Amino acid sequence: PFWLKPASVPIFALAQCLALGQKAELAAMEALAFIPDYPALGYVLLGVGLLGTPSLLRALWLAGGPLRSKMSVFHGLGLTVTIAALTLKKGNSLFVWHVIAMSLGVLVFQPAALHSILARHSFKDPETRKARVMDHKLLQMAVMGSVAVGFLAIFLNKPAGFPGRHFMSVHSLVGLFALALMGWNILDAGYRQGSPFAPKLLWVSRLHQSMGTLAFTCALLAVMLGFFNRTAVVDWAAEPIVFSLPDTWHEMDGWAKNMHGENATWMFIGATVLLLANMLVPGGARAVPRWRGDLVDKKVS
């Protein structure tokens, strides 16, 4: 046959390689399209993971910082993995990735970011302190990326139209307020650091700290409210807009109860309360000798 002739073998091999490459590309795209209907959100979430994971590992591994805040990072990671695994076991949907992306942002990356900024107090060496602040910065960027994916997942999951069926529950309103605070604090930090090419990392702002603490508290409160119920308190379609508190506001009736049961939901809420308490009162940062901090940094890098 003609394709066995010496001159045709390289062309045939090239065609086979191209065909295999196309199949591999299709398989990779299918594997990456793990968020139904909007696979681009999955690509963004993967990018966020690549951005935040190195700094997350540093927060988990490196010396320094309060013990309670470090344990809270492990705590949040374990809680998020548990929620993601149990929820995906019930089925994959766009709504599920609202839960997972928000959990990743506020239960994992956010505590790690706060621990990293607290850990800078354990060191006197400016370069080590700058490294911890840089971890905080990268983790906060990962937080914003995660919550952006989570926000879009729930927004796109509901019927079109604004405000429509959006922002009707206390959970959504508190969550929206937390996102606004996070966005403001990111812009504030960008302004204070100056040039992005030569940023000033060792600065202190009481306002920035207070707003960050408030944003984190509101974010975890929104998580707890999301676990508990989804009672609507505002009707945007009414003229004038109607605010009300239904008689069922105190009854548990959210996705967590419907999917995992009441006992598991109370466990999720209790674990979130414990995480918030430990992060709000983390204790003092332990001093770390210069040689030990440098040694640990070198091991990780």
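Reading guide: rules and limits
- Residues numbered from 1 in each chain as written.
- Predicted model: local features only at pLDDT ≥ 70, side-chain atom pairs only at ≥ 80, totals over all residues.
- Heavy atoms only, no water.
- Helix = DSSP H or I, 4+ residues; strand = E, 2+ residues; numbered from the N terminus.
- Buried < 20%, exposed > 50% of the residue type's maximum accessible area, 1.4 Å probe, protein only.
- Contact = heavy atoms within 4.5 Å.
- Expected span 1.5 Å × (residues − 1).
- Core = buried A, V, L, I, M, F, W, Y, C linked by side-chain atoms within 4.5 Å.
- Axes fitted to C-alpha atoms, helices over the stretch in contact; angles between N-to-C directions.
- Parallel < 35°, antiparallel > 145°, perpendicular 65-115°, else oblique.
- Nonpolar A, V, L, I, M, F, W, Y, C, P; charged D, E, K, R; others polar.
- Salt bridge = Lys/Arg side-chain N within 4 Å of Asp/Glu carboxyl O.
- Patch = residues over 30% accessible without salt bridge, like charges linked within 9 Å, V, L, I, M, F, W, Y side chains within 5 Å.
- Areas by Shrake-Rupley, 256 points an atom, 1.4 Å probe, with all protein chains shown as cover.
- pLDDT = per-residue confidence, 0-100.

### Side note on the overall build of the chain
Then, in step 1: Scanning the chain from terminus to terminus reveals 10 helices and 2 strands.
Then, in step 2: Reading the secondary structure of the chain in the N-to-C direction produces α-α-α-α-α-α-α-β-β-α-α-α.
Then, in step 3: Relative to its 301 residues, the chain shows a buried fraction of 43%.
Then, in step 4: Put simply, 74% of the contacts in the chain that link residues at least 6 apart link residues at least 24 apart.

### Here's the deal with helix α9 (residues 262-280)
Then, in step 1: Spanning 19 residues, α9 covers 27 Å between terminal C-alpha atoms, matching the ideal 27 Å at 1.5 Å per step.
Then, in step 2: Contacts made by the buried residues of α9 are with α3 (67-89), α4 (94-119), α7 (206-228) and α8 (255-260).

### A look at the nonpolar core
One recurring pattern in soluble globular proteins is that nonpolar side chains are buried together.
Then, in step 1: The biggest cluster of nonpolar side chains holds 45 residues, and the ones touching the most others in it are L56, I83, V106, F109, M182 and F227.
Then, in step 2: Put simply, the parts of the chain that give this core at least two residues each are α2 (39-61), α3, α4, α5 (126-157), α6 (170-193), α7, α8 and α9.
Then, in step 3: Ranked by residue count, the leading element in this core is α7, at 11 residues.
Then, in step 4: Not counting residues within four places of it along the chain, the set of residues in contact with V106 comprises P111, V147, M182, F216, A219, L220 and V223.

### Describing unusual backbone geometry
Then, in step 1: With a phi angle near 75°, D37 is a residue other than glycine that sits in the positive phi range.
Then, in step 2: Overall, D37 belongs to the exposed group, its relative accessible area being 66%.

### Digging into the packing of α3 against α4
Then, in step 1: In contact at an axis separation of 9 Å, α3 and α4 are set at 170° when each is read in the N-to-C sense. By the criterion of interaxial angle, the relationship of α3 to α4 is roughly antiparallel. Contacts between α3 and α4 pair S69, K70, S72, V73, G76, L77, L79, T80, I83, A84, T87 and L88 from the former with V96, W97, V99, I100, S103, L104, L107, V108, P111, A112, H115 and L118 from the latter.
Then, in step 2: Looking at the contact of α3 with α4 residue by residue, the classes come out as 16 nonpolar, 7 polar and 1 charged.

### A short note on α6
Then, in step 1: The end-to-end C-alpha distance of α6, which contains 24 residues, comes to 35 Å, matching closely the 34 Å that a straight helix rising 1.5 Å per residue would cover.
Then, in step 2: All buried positions along α6 are accounted for by S172, V174, G175, A178, L179, L181, M182, N185, D188, A189 and Q193.
Then, in step 3: Those residues of α6 hidden inside the fold are in contact with α4, α5 and α7.

### Observations concerning the pattern of salt bridges
Then, in step 1: Applying the stated rule across the entire model yields 3 salt bridges.
Then, in step 2: As a salt-bridge pair, E127 and K130 come within 3.9 Å of each other at their nearest N and O atoms. Note that E127 and K130 are positioned in helix α5 at a spacing of 3 residues, about one turn of the helix.
Then, in step 3: Its relative accessible area of 53% is what places E127 among the exposed residues.
Then, in step 4: On the basis of relative accessibility, which here comes to 33%, the residue K130 falls in the partly exposed class.

### What about the packing of α7 against α9?
How two helices pack is summed up by the angle between their axes together with the distance between the axes.
Then, in step 1: The geometry of α7 relative to α9 is characterised by a closest axis approach of 9 Å and an angle of 170° between their N-to-C directions. By the angle class used here, α7 and α9 are roughly antiparallel. On the side of α7, the interface is formed by T213, F216, T217, L220, V223, M224, F227 and F228, while α9 contributes T265, W266, F268, I269, T272, V273, L275, L276, M279 and L280.
Then, in step 2: Partitioned by chemical class, the residues of the contact of α7 with α9 number 14 nonpolar, 4 polar and no charged.

### Concerning a nonpolar patch on the surface
Then, in step 1: Taken together, the side chains of Y38, L152 and L156 define a hydrophobic patch exposed on the protein surface, amounting to about 230 Å² of accessible area.
Then, in step 2: Take L152: it is sitting in helix α5.
Then, in step 3: On the accessibility criterion, L152 (37% relative accessible area) is partly exposed.

### Quick notes on the side chain of H115
Then, in step 1: Along the chain, H115 turns up in helix α4.
Then, in step 2: Judged by relative accessible area, which is 2%, H115 ranks as buried.
Then, in step 3: Those residues in contact with H115, other than ones at most four positions away along the chain, are A59, G64, G65, P66, S69, K70, V73 and M279.

### Quick word on the environment of M267
Then, in step 1: Of note, M267 is situated in helix α9.
Then, in step 2: Along the backbone, M267 and L79 are 188 residues apart, and their C-alpha atoms lie at a distance of 10.0 Å.

### Brief notes about the environment of V149
Then, in step 1: Position of V149 among the secondary structure elements: in helix α5.
Then, in step 2: According to the relative accessible area criterion, V149 is buried, its value standing at 2%.
Then, in step 3: Not counting the four nearest positions on each side in its chain, V149 is found in contact with I35, L41, V44, L45 and A101.

### Regarding the confidence of the model for the chain
Should the pLDDT be low somewhere, the predicted coordinates at that spot are not to be read in detail.
Then, in step 1: On average, residues of the chain carry a pLDDT of 84, and 83% of them reach 70 or more.
Then, in step 2: Within the chain, helix α10 (residues 290-300) has the poorest average pLDDT of any element, 45, and α9 the best, 96.
Then, in step 3: pLDDT under 50 marks residues 1-5. Its contacts with residues more than four places away, or in other chains, come to 4 contacts.
Then, in step 4: This model gives residues 291-301 a pLDDT under 50, and the stretch forms 15 contacts once residues within four places in sequence are excluded.

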